[in-house]
Amino acid sequence: MTIRGYLTDTAHFAEMNALYDACFDAQGLTGPPAARTTVHVGLPAGALIEIDALAVLD
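Reading the values: rules and limits
Residues numbered from 1 in each chain as written. Predicted model: local features only at pLDDT ≥ 70, side-chain atom pairs only at ≥ 80, totals over all residues. Heavy atoms only, no water. Helix = DSSP H or I, 4+ residues; strand = E, 2+ residues; numbered from the N terminus. Expected span 1.5 Å × (residues − 1). Buried < 20%, exposed > 50% of the residue type's maximum accessible area, 1.4 Å probe, protein only. Arc of directions from axis to C-beta. Contact = heavy atoms within 4.5 Å.

Enquirer: Can you walk me through helix α1 (residues 13-26) in this structure?
Expert: Note: α-helices contain 3.6 residues per turn, so residues at a spacing of three or four share the same orientation. A rise of 1.5 Å per residue sets the reference length of α1, with its 14 residues, at 20 Å; its end C-alpha atoms lie 20 Å apart and thus fit the reference within 8%. Every buried residue belonging to α1 is among Met-16, Tyr-20 and Phe-24, and all of these are buried. The arc enclosing the buried residues of α1, seen along the axis, measures out at 65 degrees, which places them on a common side. Facing away from the buried side of α1, by more than 90 degrees, are the exposed residues Ala-14, Glu-15, Leu-19 and Ala-26. Tucked inside the fold, the buried residues of α1 contact β1 (2-7), β2 (35-39) and β3 (49-54). Looking one or two residues past α1, Gly-28 carries a phi angle of roughly 80 degrees, positive in sign.

Here it is, written out as structure tokens:
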């Protein structure tokens with residue numbers, strides 16, 4: 001699985017990480033997959049964060 005996160009401000013990084021971890025913990029997974037986070041100023045419609053994921057099922 002590949003997960004990419006885009007933030008508009010590095011000040012949101014800690015909060016995004018905490019929510020990211022909580023989502024996977026709530027599903028009973030031992031740890032979230034690694035994610036790459038990038039600061040990107042031009043997210044659409046004033047969004048503060050955007051996350052995309054690519055998963056391959058066997």
